[in-house]
Amino acid sequence: MGFTNPVIDSNVPDPMIIADDDGSWWVFATNGNGANIQTLRSRDLVTWDQMPDSLPSVPDWTTGGDVWAPEVARGGDGRWLMYYTTPAPADRGDIQSIGLAVATSPGGPYVDSSDEPLVCETDDGGSIDAHPYTAPDGKRYLYWKNDGNRVGVDTWISVQELDASGTRLVGKPTKLIKQDQQWEGSLVEAPFVVEASGTYWLFYSANAYDSADYAVGVARATRPTGPFTKLPDPVLMSNDVAAGPGHCALVTVGDRTWMAFHAWPPDAVGSTIPGRTMWLTEVRLGADEVVVTPPTTQYPSRPL
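Here's a quick rundown of the structure. Quantities reported herein were computed from a predicted structural model and do not represent experimental measurements.

## Digging into the overall build of the protein
(1) Moving on: The helix and strand inventory of the protein stands at zero helices and 21 strands.
(2) Moving on: Computed over its C-alpha atoms, the radius of gyration of the protein comes to 18 Å, within 12% of the 19 Å expected for a compact globule of 304 residues.
(3) Moving on: Structurally, the protein occupies a C-alpha span of about 50 × 40 × 40 Å along its principal axes.
(4) Moving on: Here the protein holds 304 residues, and 58% of them are scored as buried.
(5) Moving on: When contacts within the protein are restricted to residue pairs at least 6 apart in sequence, long-range pairs at least 24 apart make up 49% of them.
(6) Moving on: In the structure as shown, the protein presents an accessible area of about 12,400 Å², 48% of it carried by carbon and sulfur atoms.
(7) Moving on: When the 20 positive and 39 negative side-chain charges of the protein are each reduced to one mean point, those points stand 5 Å apart.

The following block contains the structure:
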């Protein structure tokens with residue numbers, strides 16, 4: 001028995017999926033529908049129920065209503081950590097930064113009690129699209145993008161080690177990849193890392209998010225800190241049913257890996273309604289290759 005894409009047919013940009021201990025799944029997405037963080041829950045990854053805003057308030061140094069690209073991971077002490085993009089403190093200019101909020105359950109509510117952002121590259125256009133990753137050896141890392149296209153400079157995806165709790169950065173960041181292929185346009189963003197047979201695959205999105213040129217690329221490395229080498233072509237791009245697919249997140253269910261991503265209807269790119277809807281497709285990962293099934297409205301088999 002299959003399912004129909006999009007699995008969420010309303011505007012849920014930058015979706016990220018995590019598994020709960022009770023067998024359910026959570027989606028967190030960029031602000032909308034009256035919430036700082038759109039939050040939905042499912043038992044099968046296909047049918048989703050709207051849940052309360054998982055980040056109902058933000059710290060005093062930022063403002064609500066412009067909160068992007070949340071990603072959630074379990075911290076070293078068992079709490080849940082939400083890394084999210086939010087406006088930087090007013091004295092740092094009109095840029096975005098990365099905040100960190102904490103909760104005792106995956107659905108929240110998350111609370112950010114910090115006095116300042118976790119990451120804020122003031123001289124490089126700001127910082128967005130944080131992605132936490134725990135390597136097989138237990139070390140934690142945070143990947144993100146400097147928002148260089150906002151100010152006309154290069155966009156880099158960088159990585160920095162996190163401490164065991166996942167709440168503090170350790171050492172210095174390392175720049176990994178920037179926009180240097182024709183299909184990428186003026187930017188790379190939205191990192192997501194997964195390991196397969198000793199290879200670290202860095203998925204990323206590139207080009208203008210509100211165009212059909214937006215697509216997903218991938219780079220490979222033997223260590224989570226790189227160096228990463230890009231594959232020459234995108235692994236997920238527009239077709240006749242989904243335009244501008246991007247900002248992906250991967251989840252493993254049994255022996256299968258699924259990619260969640262947002263995409264526009266081909267006849268409504270850049271629209272408010274329905275906006276960027278959430279799709280699922282299967283991914284095959286190995287040490288030497290990545291194969292992503294192109295977007296299809298009628299998927300032949302269900303994740304669960």
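## Comments concerning the pattern of salt bridges
(1) Moving on: Inspection of the entire model under this criterion finds 17 salt bridges.
(2) Moving on: In this structure, R150 and D147 form a salt bridge, with 3.7 Å as the shortest nitrogen-oxygen distance.
(3) Moving on: For R150, a relative accessible area of 35% puts it in the partly exposed group.
(4) Moving on: With a closest N to O distance of 3.0 Å, K178 and D154 form a salt bridge. Here the residue K178 occupies a position in strand β12 (residues 169-178), and D154 occupies one in the loop between β10 (140-146) and β11 (156-162), the gap between them amounting to 24 residues.
(5) Moving on: A residue is classified by how much of its surface remains accessible, and K178, at 26% relative accessible area, is partly exposed.
(6) Moving on: On the accessibility criterion, D154 (32% relative accessible area) is partly exposed.
(7) Moving on: One salt-bridge network, in which partners are shared between bridges, spans D94, K145, D147, R150 and E189.

## A few points about the layout of surface pockets
Regions of empty space are outlined by a rolling probe, equal in size to a water molecule, passed over the atoms.
(1) Moving on: By volume, the largest pocket is sized at about 540 Å³.
(2) Moving on: M16, V72, P132, F192 and L250 are, among the 25 residues lining the largest pocket, the residues nearest its centre.
(3) Moving on: When residues of the lining of the largest pocket are traced back to their parent elements, those giving at least two are β2 (16-19), β6 (68-74), β7 (80-87), β9 (127-134), β10, β13 (188-196) and β17 (243-253).
(4) Moving on: Partitioning the lining of the largest pocket into residue classes produces 19 nonpolar, four polar and two charged.
(5) Moving on: Quantified by volume, the second largest pocket comes out at close to 310 Å³.
(6) Moving on: Within the lining of the second largest pocket, the residues separate by chemical class into five nonpolar, three polar and seven charged.

## Regarding the side chain of D20
(1) Moving on: Here D20 lies in the loop between β2 and β3 (25-29).
(2) Moving on: Classification of D20 by relative accessible area gives buried; the value is 16%.

## Considering the pairing of strand β14 (residues 199-206)
(1) Moving on: With eight of eight residues buried, β14 lies mostly within the body of the structure.
(2) Moving on: Alternating residues of β14 divide into T199, W201, F203 and S205 and Y200, L202, Y204 and A206, and every residue in both groups is buried.
(3) Moving on: Inspection of the sheet shows β13 paired to β14 by seven bridges, in the antiparallel sense. Paired with F192 across the strands is F203, a residue of β14.
(4) Moving on: Where β13 hands over to β14, the hairpin turn is made up of two residues, of which S197 adopts a positive phi near 50°.
(5) Moving on: As paired strands, β14 and strand β15 (residues 215-221) are joined by seven bridges and run antiparallel to one another. Directly across from Y200, in β15, lies its bridge partner A221.

## Side note on the nonpolar core
(1) Moving on: If you look at the biggest cluster of nonpolar residues, it comprises 35 residues, and the most contacted ones within it are F28, L55, M82, Y110, F203, L250 and M259.
(2) Moving on: Discounting chain neighbours no more than four positions away, the residues touching M259 are F203, L236, C248, A249, L250, W279, L280, T281, V283 and V292.

## Topic: the packing of aromatic side chains
Within a pair of aromatic rings, the relevant descriptors are the distance that separates the centres and the angle that separates the planes.
(1) Moving on: If you walk through the whole model with that rule in mind, you get eight aromatic pairs.
(2) Moving on: Plain terms: the ring middles of F28 and Y110 are 6.4 Å apart, the flat faces sit at 90° to each other, and that makes the pair edge-to-face. With F28 in strand β3 and Y110 in the loop between β8 (96-103) and β9, this pair connects stretches of sequence that are 82 residues apart. With respect to class, F28 is no different from Y110; both count as buried.

Rules used in this analysis
Residues numbered from 1 in each chain as written. Predicted model: local features only at pLDDT ≥ 70, side-chain atom pairs only at ≥ 80, totals over all residues. Heavy atoms only, no water. Helix = DSSP H or I, 4+ residues; strand = E, 2+ residues; numbered from the N terminus. Rg over C-alpha atoms; globule rule 2.2 N^0.38 Å. Buried < 20%, exposed > 50% of the residue type's maximum accessible area, 1.4 Å probe, protein only. Contact = heavy atoms within 4.5 Å. Areas by Shrake-Rupley, 256 points an atom, 1.4 Å probe, with all protein chains shown as cover. Lys, Arg positive; Asp, Glu negative; His and termini not counted. Charge placed at Lys NZ, Arg CZ, Asp CG, Glu CD. Salt bridge = Lys/Arg side-chain N within 4 Å of Asp/Glu carboxyl O. 1 Å grid on protein atoms, 1.4 Å probe; cavity = no way out; pocket = protein on both sides within 12 Å on 5 of 7 lines; lining within 4 Å. Points joined across faces, edges and corners; volume = space filled by probe spheres on them. Nonpolar A, V, L, I, M, F, W, Y, C, P; charged D, E, K, R; others polar. Pairing = 2+ DSSP bridges. Core = buried A, V, L, I, M, F, W, Y, C linked by side-chain atoms within 4.5 Å. Phe/Tyr/Trp six-rings, centres within 6.5 Å; stacked < 30°, edge-to-face > 60°.

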